[in-house]
Amino acid sequence: MKPTGQHIALAQAYDGITRVVADLDDADLQRPTRCRGWLVADLLFHILCDAQRALVALASPADRPADVDDVSYWRAFTRGGGDEASVRHAWWVRRSAAAFDRPSEVVRLWCDTAPAAVRAAGAAVHGADPHACVTTQGQVIAVPDLLATLTTEAVVHHLDLVVDLPDAPPPGAAAVSVAVTTVDGLLSDDAVRPTGWDDREYLLKATGRIPLTDRDRRDLGESAGWFPLLG
């Protein structure tokens, strides 16, 4: 996908989350999500931290070539979720989100930060070198690949946010396409995605949000052992 396409997908992903949370009251912001122990406001704070990281990364040019791309970036996060660092982060997010006077204050900060991250992404992909490299989390990555990682995380967490919000809008098609492409890249070369899975089911099963069925395991064969592809 061209850099401008990655920017459009990120804009759609972040706008999709805004459409989910913008009109929620404080009670709805305390509904559960798919992320263990996190309410909607907690998970939104986690995504907010990602948007803040995007702003920092886009203002942090690298002086060396990329060492990860939009797929290999996730290798460090595969099969995760239960390690000590993840548990500590989950607890930190809960305490940080609880420090706000009201859950809606997290929404306000998100609505200020997410568009700023999208604008910074737009400036980067329309700049002199749209494939320039930046640093984030100790890694060097090209701007379009950074945007793809941000989009993938936003789409997966969008699906996490709406588990107890049945009337919430789904993530947009362009953003979902980026997330699916990422998961495809993490799938072993000899694996074939079961034909019965739509994109939503694929993303939820590939990230361990819902378990594989016996039929899934038969269809995937030995590749079932790779799941979850992304923690």
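These numbers were taken from a predicted model, which means no experiment stands behind them. (Residues numbered from 1 in each chain as written. Predicted model: local features only at pLDDT ≥ 70, side-chain atom pairs only at ≥ 80, totals over all residues. Heavy atoms only, no water.)

Okay, the pairing of strand β1 (residues 133–136) next. One ladder, built from four bridges, connects β1 with strand β2 (residues 139–142); its direction is antiparallel. Bridge assignment links T135 to a residue of β2, and that residue is V140. Between β1 and β2, which pair antiparallel in sequence order, lie two residues; one of them, Q137, sits at a positive phi of approximately 50°. (Pairing = 2+ DSSP bridges. Helix = DSSP H or I, 4+ residues; strand = E, 2+ residues; numbered from the N terminus.)

Attention shifts here to the state of the cysteines. Inspection of the entire model under this criterion finds zero disulfides. Distance from the sulfur of C49, which forms no disulfide, to the nearest cysteine sulfur (C35) is 13 Å. (Disulfide = S-S within 2.5 Å.)

Let us look at the packing of aromatic side chains. Using the criterion set out here, one finds six aromatic pairs in the structure. Each ring, one from Y14 and one from W110, has its centre 5.1 Å from the other, and the planes form 70°; the classification is edge-to-face. Of this pair, Y14 sits in helix α1 (residues 3–21) while W110 sits in helix α4 (residues 104–125), and the two are 96 residues apart along the sequence. For the pair Y14 and W110, one class covers both residues: buried. With a centroid separation of 6.1 Å and 65° between ring planes, the pair formed by F45 and F100 is classed as edge-to-face. Of this pair, F45 sits in helix α2 (residues 40–58) while F100 sits in the loop between α3 (84–98) and α4, and the two are 55 residues apart along the sequence. Take F100: its relative accessible area is 23%, and that puts it in the partly exposed class. Here a set of aromatic residues connected by ring pairs shows up, and it is made of F45, W92 and F100. (Phe/Tyr/Trp six-rings, centres within 6.5 Å; stacked < 30°, edge-to-face > 60°. Buried < 20%, exposed > 50% of the residue type's maximum accessible area, 1.4 Å probe, protein only.)

Another aspect to go through is the environment of R193. Within the secondary structure layout, R193 lies in the loop between α6 (173–186) and α7 (199–206). The class for R193 is partly exposed, based on a relative accessible area of 24%. Between the C-alpha atoms of R193 and D216, which are 23 residues apart in sequence, the distance is 9.4 Å. Beyond its immediate stretch of four places on either side in the chain, R193 contacts V180, L187, D198, D199 and Y202. (Contact = heavy atoms within 4.5 Å.)

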